[in-house]
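# Notes for the structure review
One-letter residues, chain by chain:
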Amino acid sequence: MSVISAPSEQPAMTLDIGMLGYRFMGKAHANALDRLPMFFPEAPAVNKDVLVGRDEDALADAADQFGFDRTATDWRAIVDEVDVFYNLGPNHVHAEPSIAALEAGTPTFCEKPLAPTLDTAEEMAEAAADADVPAGAAFNYRFVPAIQYAKGLIDDGTLGEIHHFRGQYLQDWLVDSDAPWSWRNDAEMAGSGALGDLGSHTIDLARFLLGDTAGEITDVSGHLQTFTEERPVEGSDETRQVTVDDAYSAQLSFDSGAMGTLEASRVANGHKNAHTIEIEGSKGAIKFDLERLNELQVLTEGDRGFQQVLITDEDDPYVDHWWPPGHVIGWEHTFVHENYEFLSAVADGRQQEPSFADGLAAQRVLDAIEQSDDRGERVSL
Ligand code: SOE
């Protein structure tokens, strides 16, 4: 029996993807690319062309598992031949390949934080501005439906004038002082610790959620702490110095006078990936918890307490692409939404938000928090 199917609207182009990095983030993005044709058929079609890394065996296995056509051990060989370059490597590998890709006119997407240092982030943002192609910074939590819903409540005035932003990001994977050393514990490679890895997400959400109402972050005071000064090197008897923070806290001011209180830790016993945001305004308030990402606690004028709102209705951001109301989504869906937006920006020839300029803006805040801790004084941006 032959089935004659109705002509479907095929996306006009297929983008060849080059991806550097094949561990946690490589997998998250490769998975997102695979979900797009089924759930976001209007997204540009992609071809997982080339996976880049140094360890040939591990790379070949990952390419096989993720469905890439080929592998390359030198990013220099591919940044100008692919249509889109994803830089999902450790922080110290963000700058050189991303700048080379942008100089070759290749739209580029880079993991967060943009770079280990402010100077390097500035060079990257400059290269993006000169290249005039989409340059996306990987702040995936902007793409949680409940976060976008919250932004709607802030922007339409439901919360009134914003007084407080409170953001905590708590993990516990380094609470054991014998947990092995990794590049994430090294200042040269990572830049900072909990501050850059986790705080950059919270700072980006502060800018995203309050940028159009309370304005930019104007000054900060910060405190960083390292609890375990050296860690064992896996597979040897040696230890290596930890040169980044295990935890930070910071106080912020926004243009409007709104106050921010931020905190992140990798030694917060009992917390796995607890990213919480609380915002209070003159008329209402919201509370968000990443570990319950389908929900938003909302208080509007006249309410006696917070109402739990399930953000899974058809007209909630991105939800119509997934399941019927109440059929919840998860962490990996934020990457699908992020990739959908980035690749659509590539196809339409417009800038992605968050861009490298947003990555740089977050980096300025990270840097100011570190400077404040070093100098023992409040720092203006
Ligand atoms: C590890 O701390 C990590 O994977 C971060 O690097 C991610 O950005 C965050 O989303 C979850 O935690």
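None of the values given here were measured: they were computed from a predicted structure. (Residues numbered from 1 in each chain as written. Predicted model: local features only at pLDDT ≥ 70, side-chain atom pairs only at ≥ 80, totals over all residues. Heavy atoms only, no water.)

## A look at the nonpolar core
The cut-off we apply is this: Definition used in this section: a nonpolar core is a set of buried Ala, Val, Leu, Ile, Met, Phe, Trp, Tyr and Cys residues joined via side-chain atoms within 4.5 Å. Exposed residues in this analysis have more than 50% of their type's maximum accessible area, buried residues have under 20%, and partly exposed residues fall in between, with area computed by a 1.4 Å probe over protein chains only. Segmentation of the chain into domains, including their bounds, is taken from an automatic or database domain assignment.
Core analysis: the biggest nonpolar cluster contains 82 residues, and Tyr86, Leu209 and Ile279 have the highest contact counts within it. Here this core spans two domains, since at least three of its residues come from each of domain 1 (15-139) and domain 2 (141-329 + 355-380). Membership of the second largest hydrophobic core comes to 16 residues, among which are Leu114, Leu118, Ala128 and Val133.

## Points about the pattern of salt bridges
Inclusion rule: By definition here, a salt bridge exists when the distance from a side-chain nitrogen of Lys or Arg to a carboxyl oxygen of Asp or Glu is within 4 Å. Only DSSP runs of H or I reaching four residues or more are called helices, and only runs of E reaching two or more are called strands; each is numbered from the N terminus.
Applying the stated rule across the entire model yields 22 salt bridges. A salt bridge links Asp197 to Arg184; the nearest nitrogen and oxygen atoms lie 3.2 Å apart. Here the residue Asp197 occupies a position in helix α7 (residues 194-210), and Arg184 occupies one in the loop between β7 (162-170) and α6 (187-190), the gap between them amounting to 13 residues. Since its relative accessible area comes to 24%, Arg184 is described here as partly exposed. Because the salt bridges share partners, they merge into one network encompassing Arg142, Asp204, Arg207, Glu216 and Asp358.

## Some details on the packing of aromatic side chains
Heads up, the condition is: For Phe, Tyr and Trp, where Trp contributes only its six-membered ring, two rings pair if their centres lie within 6.5 Å, and the inter-plane angle classes them as stacked under 30 degrees, edge-to-face over 60, or tilted in between. Ring-over charges, as used throughout, are those where CZ of Arg or NZ of Lys falls within 6 Å of the ring centre and within 35 degrees of the ring normal.
This model, assessed by the stated rule, comprises twelve aromatic pairs. Centroid distance Phe40 to Tyr318: 6.5 Å. Interplanar angle 55°. Geometry classified as tilted. Taken together, the positions of Phe40 in the loop between α1 (24-39) and β2 (45-52) and Tyr318 in the loop between β16 (307-310) and α8 (331-348) put the pair 278 residues apart, joining distant regions of the chain. Exposure remark for Phe40: the relative accessible area of 0% places this residue in the buried category. Residue Tyr318 is classed as buried on the basis of its relative accessible area, which comes to 11%. Each residue in the set Phe39, Phe40, Tyr318, Trp322, Trp323 and Tyr340 is aromatic and connected to the rest through ring pairs, giving one cluster. Its end group placed over the ring of Phe68, Lys48 keeps NZ or CZ at 6.0 Å from the ring centre. Sitting over the face of the ring of Phe306, Lys287 holds its NZ or CZ atom 4.5 Å from the ring centroid.

## Quick word on the pairing of strand β1 (residues 14-20)
This is how it is decided: Two strands are counted as paired when DSSP detects at least two bridges linking them. Clockwise travel from the first strand over the helix to the second, with the strands pointing away from the viewer, marks a crossover as right-handed.
With five of seven residues buried, β1 lies mostly within the body of the structure. Where β1 and β2 come together, seven bridges link them in parallel fashion. Counterpart to Ile17 in the pairing with β2 is Lys48. Handedness of the β-α-β unit built from β1, α1 and β2 comes out right-handed.

## Comments concerning the environment of Leu296
What counts here: Residues count as neighbours in contact if any of their non-hydrogen atoms are within 4.5 Å of one another.
Among the secondary structure elements, Leu296 is positioned in strand β15 (residues 295-299). For Leu296, a relative accessible area of 1% corresponds to the buried category. Residues Leu296 and Gln308 lie twelve residues apart in sequence; the distance between their C-alpha atoms is 5.9 Å. Beyond its immediate stretch of four places on either side in the chain, Leu296 contacts Ala146, Tyr149, Ala150, Leu153, Ile286, Lys287, Phe288, Gln307, Gln308, Val309 and Ile311.

## A closer look at the sheet that holds strand β14 (residues 285-289)
Stated formally: All axes here are fitted lines through C-alpha atoms, helices being fitted over the stretch that makes contact, and every angle between N-to-C directions spans 0 to 180 degrees.
The strand order across the open sheet formed by nine strands is β16-β15-β14-β13-β7-β12-β11-β8-β17, and the pairing between neighbours is mixed. The open sheet has two free edges, formed respectively by β16 and β17 (379-380), since each of these has just one partner strand. In this sheet, strand β12 (residues 259-265) lies alongside strand β11 (residues 247-254) in antiparallel orientation, the contact comprising seven bridges. Residue pairing across strands places Tyr248 opposite Ala264, the latter belonging to β12. The strands that helix α5 (residues 145-155) touches are β7, β13 (274-281), β14, β15 and β16; relative to β15, the one it contacts most, it runs at about 20°. Running over the sheet, helix α9 (residues 356-375) touches β8 (217-225), β11 and β17 and is turned about 55° from β8.

## Describing the packing of α7 against α9
Heads up, the rule is: Between 65 and 115 degrees an angle is taken as roughly perpendicular, under 35 as roughly parallel, over 145 as roughly antiparallel, and anywhere else as oblique. In a left-handed crossing the near helix is turned counterclockwise from the far helix by less than a right angle, and in a right-handed crossing that turn is clockwise. Gly falls in the polar group here, along with every residue not listed as nonpolar (Ala, Val, Leu, Ile, Met, Phe, Trp, Tyr, Cys, Pro) or charged (Asp, Glu, Lys, Arg).
α9 packs onto α7 with a crossing angle of 120° between their chain directions and a minimal axis gap of 9 Å. Overall, the two elements α7 and α9 adopt an arrangement that is oblique. Crossing of α7 against α9: the hand is right-handed. Every residue of α9 that contacts α7 at Leu195, Gly196, Gly199, Ser200, Ile203, Asp204 and Arg207 is listed here: Asp358, Ala361, Ala362, Val365, Leu366, Ile369 and Glu370. Per-class residue counts for the contact of α7 with α9 are seven nonpolar, three polar and four charged.

## Thoughts on the domain arrangement of the protein chain
Threshold: We define buried area as the total accessible area lost by two parts upon association, computed with a 1.4 Å probe and summed across both. What qualifies as a polar contact is a pair of N or O atoms within 3.5 Å, subject to a donor-acceptor requirement within protein and to the restriction that residues adjacent in sequence count only when both atoms come from side chains.
Domain boundaries assigned for the protein chain yield domain 1 (15-139) and domain 2 (141-329 + 355-380). Averaged C-alpha coordinates put domain 1 and domain 2 at centres separated by 24 Å. Each partner contributes residues to the interface: domain 1 has 28 residues there, and domain 2 has 28 residues. With both chains or domains summed, domain 1 and domain 2 bury close to 2300 Å², and 69% of this area falls on carbon and sulfur atoms. Across the contact surface, domain 1 and domain 2 share two salt bridges. Linking Asp197 and Lys112 is a salt bridge whose minimum nitrogen-to-oxygen distance equals 2.9 Å. The interface formed by domain 1 and domain 2 contains ten residue pairs in polar contact (both at pLDDT 80 or more). When contributions to the side of domain 1 that touches domain 2 are tallied by element, the ones reaching two or more residues are α1, α3 (95-103), β5 (108-110), α4 (118-131) and β6 (135-137). By residue number, the principal contributor to the side of domain 1 that touches domain 2 is α4, which donates six residues. When its residues are assigned to classes, the side of domain 1 that touches domain 2 shows 18 nonpolar, six polar and four charged.

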